[in-house]
Amino acid sequence: MKRMHLHVSVPELEPAIRFYSQLFAAEPSVVKGDYAKWLLDDPRVNFAVSARGAPVGLNHLGIQAEEAAELEELGQRLDDIDADVREEMGTLCCYAQSDKYWTTDPAGIAWESYHTLGSIPMFGAQDEGAGDCCVPEGASSGACQPARDDEAKGRC
C-alpha cells in the first residue's frame, strides 16, 4: 500500500512541530535539528517539515511506496505519460536512503515517488546544504503562497 507524502518548508521547526502534533494528535516519528516527519495512518500520509532555508510553503508532493514493486509501477506510470523523470537509486536524502523517481507536474510542482531502504544519520550525502537532495532543479518549491493582504486573503 502506498502513502501520500507532503513536505512543507517552515521558517522555524519547533512551532511547526507543536502545531502539527496538535493538528494530527500525534508526535512526529522522526525529529532532527532541522526536520520532522509524521507517518500517519489517519489520514494515511507521510507529512514532513524542514527548516533548511528553502522558501516557506509547499516544498514538494510525493507518493511513498512500501515495496520496490510499487515504486517500479509508479515509475512506469510516469514513463507512460512521457513525464521528464529523474531516477535516483540508493540516494541519501532526508535522513533516509531511498530509491526515487522525481518529476514535475504541469504546474511546476515537484513530485517524488520513492521507496525507503533505510535510515541515515544526516540530512543528505553532503549534509552541508545537502547539495542535490530533495527538490530537483527547475521544479517549483513553495509554489502556492497565500496572499497577505486583506483583499486577496485566502487565495493562492
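Criteria and thresholds
Residues numbered from 1 in each chain as written. Predicted model: local features only at pLDDT ≥ 70, side-chain atom pairs only at ≥ 80, totals over all residues. Heavy atoms only, no water. Helix = DSSP H or I, 4+ residues; strand = E, 2+ residues; numbered from the N terminus. Buried < 20%, exposed > 50% of the residue type's maximum accessible area, 1.4 Å probe, protein only. Contact = heavy atoms within 4.5 Å. Areas by Shrake-Rupley, 256 points an atom, 1.4 Å probe, with all protein chains shown as cover. Expected span 1.5 Å × (residues − 1). Salt bridge = Lys/Arg side-chain N within 4 Å of Asp/Glu carboxyl O. pLDDT = per-residue confidence, 0-100. Pairing = 2+ DSSP bridges. Core = buried A, V, L, I, M, F, W, Y, C linked by side-chain atoms within 4.5 Å. Axes fitted to C-alpha atoms, helices over the stretch in contact; angles between N-to-C directions.

## Considerations on the overall build of the protein chain
- Summing up its helical and strand segments, the protein chain has two helices and eight strands in all.
- Ordered by position from N to C terminus, the α and β elements of the protein chain give β-α-β-β-β-β-α-β-β-β.
- Here the protein chain holds 156 residues, and the buried ones make up 43% of them.
- Sequence-distant contacts in the protein chain: of pairs separated by 6 or more residues, those separated by 24 or more amount to 57%.
- As displayed, the protein chain offers around 8,800 Å² of accessible surface, 50% of which is attributable to carbon and sulfur atoms.

## A word on helix 1 (residues 13-24)
- The end-to-end C-alpha separation of helix 1 is 16 Å, in line with the 16 Å expected for twelve residues at 1.5 Å each.
- In this structure, the buried side of helix 1 is in contact with strand 2 (30-32), strand 3 (35-41) and strand 4 (44-50).

## Quick notes on the pattern of salt bridges
- This model, assessed by the stated rule, comprises seven salt bridges.
- With its nearest N and O atoms 3.3 Å apart, the salt bridge here joins Asp41 to Arg44.
- Among the residues examined, Asp41 registers a relative accessible area of 60% and is labelled exposed.

## Regarding the confidence of the model for the protein chain
- Counting all residues, the mean pLDDT for the protein chain is 82, and 79% of those residues have values of 70 or more.
- This model gives residues 141-156 a pLDDT under 50, and the stretch forms 18 contacts once residues within four places in sequence are excluded.

## With respect to the pairing of strand 6 (residues 86-93)
- Examined bridge by bridge, strand 6 and strand 7 (residues 96-104) share six bridges and lie antiparallel to one another. Looking at strand 7, one finds that Leu92 is bridged to Gln97.
- From the end of strand 6 to the start of strand 7, which pair antiparallel, there are two residues, and Cys94 there has a positive phi angle of about 55°.

## Section: the nonpolar core
- With 13 residues, the main nonpolar core has Tyr20, Trp38, Phe47 and Val49 as its most contacted residues.
- Going through the elements one at a time, helix 1, strand 3 and strand 4 are the ones with two or more residues in this core.
- Element by element, the count of residues in this core is highest for helix 1, at five residues.
- If we ignore the near neighbours within four places in the chain, the residues touching Phe47 are Leu6, Val8, Tyr20, Phe24, Ala36, Lys37 and Trp38.

## A closer look at the environment of Glu87
- Here Glu87 is to be found in strand 6.
- Sequence-distant contacts of Glu87, defined by excluding residues within four places in its chain, comprise Lys100 and Tyr101.

## Focus: the sheet that holds strand 7
- Spatial strand order, 2-3-4-1-5-8-7-6: eight strands in an open sheet with mixed pairing. Two strands bound the open sheet, and with one partner strand each, they are strand 2 and strand 6. Between one strand axis and the next, the sheet turns by 25° as a mean value, whatever way the strands run.
- Relative to strand 4, strand 1 (residues 3-9) runs parallel, the two sharing six bridges. Across the sheet, Val8 pairs through a bridge with Val49, a residue of strand 4.
- Across the sheet, helix 1 is in contact with strand 2, strand 3 and strand 4; its angle to strand 3 comes to roughly 10°.
- Where helix 2 (residues 68-80) meets the sheet, it contacts strand 5 (57-64), strand 7 and strand 8 (110-119), and its direction lies at approximately 15° from that of strand 7.

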